[in-house]
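This is what each chain is made of:
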Amino acid sequence: MASDDEQSESRRPQDTKFKQQRLPAWQPVLTATNVLPFMFAIGLAFIPLGVAFLITSNQVQEIMVDYTHCKSQDDPSLTCAEYLANSNNTGGSCFCEVTFTLPTNFTAPVFIYYSLTNYYQNHRRYVKSRDNDQLRGKKISSSDCQDPFLKVENYSGTGRDYTYAPCGAIANSFFNDTLKIYLNDSEVKLLNTGIAWSTDRSTKYKNPPGDDFAKAFNNTLKPRNWQKPVYDLDPSNVHNTGYENEDLMVWMRTAALPTFRKLYRRVDTSNGFQGSLPAGNYTLRVTYQYPTVQFNGGKRMVISTVSWLGGKNPFLGIAYLVVGSLCIVIGFVFLIIHLKIGKSSSDLRNIPLTSRTTYFQPYSAS
């Protein structure tokens, strides 16, 4: 019996305020006096912010050009999508043109995006199919890349395994259309640098050591859907080729939604355009290599300016307006209810405690 008493006593919590739940507590009492001003304050703050966000978003200039079904220049009876759908043209290129008009001058900075629809980059296996060590220029030891996007065993009967560079499903599906813009047969100069995140350029992507890229990427293969190896992505700029190519960095950042856009180029408005992309009739010339109609997808080119809030997106302003308006409306509804049937704070403090009060329990000596 003594041992049982000692055991039960040892399990008893210490006699402290925390363990015996005697700490002081405060519980806010929500009354009309403190809730209604809060509701009106939120409404009066959110509505002007929503108007400001909406006006800022509407000031962003944007034009979208769909070229999914543009006609082939070599055979106008075919679209480029139909050309690539032919199994004999797999991996080939189609050339097409689409004309469009800028109604007003687009003030610098001006950005070019490509937009894809019905494209699910957020699939779990797709997102994981990459090797971050390989993209930092290190050798692959254990990889998240899985066959058939990892390597080719016994390549050409050599008895050696050749790894794809870069490996993985994300890299294999790299967007490879070429977009060029012409104004009156004069090409608009586009910049292919400064489009990736600074952290990607400085930390996440590095080429293997060595000055000769062909030797640095020895014993590797280009991904199956690529037309050229990774070290030849930008031969004119040694700082923008290989894993350090900014187009590759942009693509490797997978999108969360099936309709998305990714930054493709920056318009060089410093040479001949006087700080803006002028209004006029333009021609989009496309080297069409990326198939999308097989999964009912679409491709668009987007020209857009930016504001301090980012690109054109009215959602934030509309959300603030809706929330602010709801707070104002609900505040007035609660105010009317309070004025008609509500009780004052003194009435609430003077409610007598009786046996009919739900939270009053009479003391029983038994």
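Placed above this text is the structure.
Residues numbered from 1 in each chain as written. Predicted model: local features only at pLDDT ≥ 70, side-chain atom pairs only at ≥ 80, totals over all residues. Heavy atoms only, no water.

Trainee: I'd love a proper account of the state of the cysteines, names of residues and values included.
Mentor: Taken as a whole and assessed by the stated rule, the structure comprises three disulfides. Each sulfur of the disulfide joining C80 and C94 lies 2.1 Å from the other. Its S-S torsion of approximately -70° makes the covalent link between C80 and C94 left-handed. Within this pair, whereas C80 is found in helix 3 (residues 80-85), its partner C94 is found in strand 2 (residues 94-102), the two being separated by 14 residues in sequence. (Disulfide = S-S within 2.5 Å. Helix = DSSP H or I, 4+ residues; strand = E, 2+ residues; numbered from the N terminus.)

Trainee: An account of a nonpolar patch on the surface is needed here, citing residue identities and associated values.
Mentor: A contiguous nonpolar patch, built from I318, V322, L326, V329, I330, V333, F334, I337 and I341 and spanning about 800 Å² of accessible area, is present on the exposed surface. Inspection of the secondary structure assignment puts I330 in helix 10 (residues 315-341). Using a relative accessible area of 34% as the deciding quantity, one classes I330 as partly exposed. (Patch = residues over 30% accessible without salt bridge, like charges linked within 9 Å, V, L, I, M, F, W, Y side chains within 5 Å. Areas by Shrake-Rupley, 256 points an atom, 1.4 Å probe, with all protein chains shown as cover. Salt bridge = Lys/Arg side-chain N within 4 Å of Asp/Glu carboxyl O. Buried < 20%, exposed > 50% of the residue type's maximum accessible area, 1.4 Å probe, protein only.)

Trainee: Give a description of unusual backbone geometry that names residues and reports values.
Mentor: Here D147 and P148 are connected by a cis peptide whose omega angle stands at 15°. Summarising the element assignment, P148 is placed in the loop between helix 5 (132-135) and strand 5 (151-152). A cis geometry characterises the amide bond from A165 onward to P166, with omega recorded as -5°. Despite not being glycine, Q21 shows a phi value in the positive range, around 55°. Positionally, Q21 belongs in the loop between helix 1 (2-10) and helix 2 (32-58). With a relative accessible area of 73%, Q21 lands in the exposed category. Although it is not a glycine, N118 sits at a positive phi angle of roughly 55°. Among the structural elements, N118 can be located in the loop between strand 4 (110-117) and helix 4 (124-128). Given a relative accessible area of 30%, N118 falls into the partly exposed group.

Trainee: Pulling in residues and values, what's your account of the packing of helix 2 against helix 10?
Mentor: Where helix 2 contacts helix 10, the two axes come as close as 7 Å, and the packing angle between them is 155°. By the angle class used here, helix 2 and helix 10 are roughly antiparallel. Taken as a pair, helix 2 and helix 10 cross one another with a handedness that is left-handed. Looking at the contact of helix 2 with helix 10 residue by residue, the classes come out as 23 nonpolar, seven polar and no charged. (Axes fitted to C-alpha atoms, helices over the stretch in contact; angles between N-to-C directions. Parallel < 35°, antiparallel > 145°, perpendicular 65-115°, else oblique. Left-handed = near helix turned anticlockwise from the far one by under 90°. Nonpolar A, V, L, I, M, F, W, Y, C, P; charged D, E, K, R; others polar.)

Trainee: Got a sec to walk through the environment of L284? Specific residues and values, please.
Mentor: Looking at the element boundaries, L284 is found in strand 13 (residues 280-288). Note: C-alpha distance between L284 and L54 (230 residues apart in sequence) is 30 Å. Beyond its immediate chain neighbours, meaning those up to four positions away, L284 contacts V65, Y67, C96, E97, V98, F100, L179, K180, I181 and M301. (Contact = heavy atoms within 4.5 Å.)

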